[in-house]
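Remarks on the overall topology
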Amino acid sequence: MIVFDLKCSGEHVFEVWFKSSSAYEEQRAQGLIACPYCGDSTVTKAVMAPAVAPKGNQLAEKKAPAKPEAFKAALAAIAQIQAKQLETSQWVGRAFAEKARSMHSGETPEAPIHGQATLEEAKALVEEGVPVAPLLVPVIPPEARN
Ligand SMILES: [Zn+2]
């Protein structure tokens, strides 16, 4: 006995056992092999799936498609949480690094603030041990909202 993975013209793949390879050829030629799913008798040997994962572009194409709707909803939820947190926080704009540093050193009373900092400024603050965190969603400066 021999087993073949067969595929119909409707892309259904199914297994069929034959007495021999020639029995398969004979039965196929006579249209005796029918797809168990749709009854199609136009069958070919299915190409076996390779055991090794395909590389490069092939893999990228096979990735699950992104779900823009779900992503948008998640982003909106994050934006909402952040907006809530920022309600009690003061926008200091470009003075952020300076203010954060002066609060950290005790020169200014501590208060929640948010503002803009360059990557260099943010790195310097982290290195100095100033507790800063990047905003999850970009905030539009109040002066640019009109
Ligand atoms: Zn079929």
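Structure shown above.
How each quantity is defined
- Residues numbered from 1 in each chain as written.
- Predicted model: local features only at pLDDT ≥ 70, side-chain atom pairs only at ≥ 80, totals over all residues.
- Heavy atoms only, no water.
- Helix = DSSP H or I, 4+ residues; strand = E, 2+ residues; numbered from the N terminus.
- Buried < 20%, exposed > 50% of the residue type's maximum accessible area, 1.4 Å probe, protein only.
- Contact = heavy atoms within 4.5 Å.
- Areas by Shrake-Rupley, 256 points an atom, 1.4 Å probe, with all protein chains shown as cover.
- Donors = N, O, S within 2.8 Å, 3.2 Å for Na, K, Ca; no water.
- Tetrahedral: all angles 85-135°; square planar, octahedral: opposite > 155°, others 65-115°.

1. A short note on the overall build of the protein chain
When its secondary structure is counted, the protein chain shows five helices and five strands. Looking at the protein chain as a whole, 22% of its 146 residues qualify as buried. For the protein chain, contacts bridging at least 24 residues in sequence account for 44% of all contacts bridging at least 6. Of the roughly 11,000 Å² that the protein chain leaves accessible, carbon and sulfur atoms contribute 58%.

2. Points about the coordination of the zinc ion
Here the zinc ion is held by the protein donor atoms C8 (SG), H12 (ND1), C35 (SG) and C38 (SG), which lie 2.0 to 2.3 Å from it. Note that the zinc ion binds four donor atoms; their angles at the metal cover 99 to 116 degrees, and the shape is tetrahedral. For the zinc ion, the donor residues sit on a single chain with the sequence spacing C-x3-H-x22-C-x2-C. With H12 in the loop between β1 (2-8) and β2 (13-18) and C38 in the loop between α1 (21-29) and β3 (43-45), this residue pair connects regions lying 26 residues apart in the sequence. Taking the relative accessible area as the measure of exposure, H12 reaches 27% and is therefore partly exposed.

3. Re the environment of E87
Relative to the assigned elements, E87 resides in the loop between α3 (68-86) and β4 (90-93). Take E87: its relative accessible area is 60%, and that puts it in the exposed class. Note: C-alpha distance between E87 and P112 (25 residues apart in sequence) is 9.7 Å.

In short, shape yes, function no, at least from these values alone.
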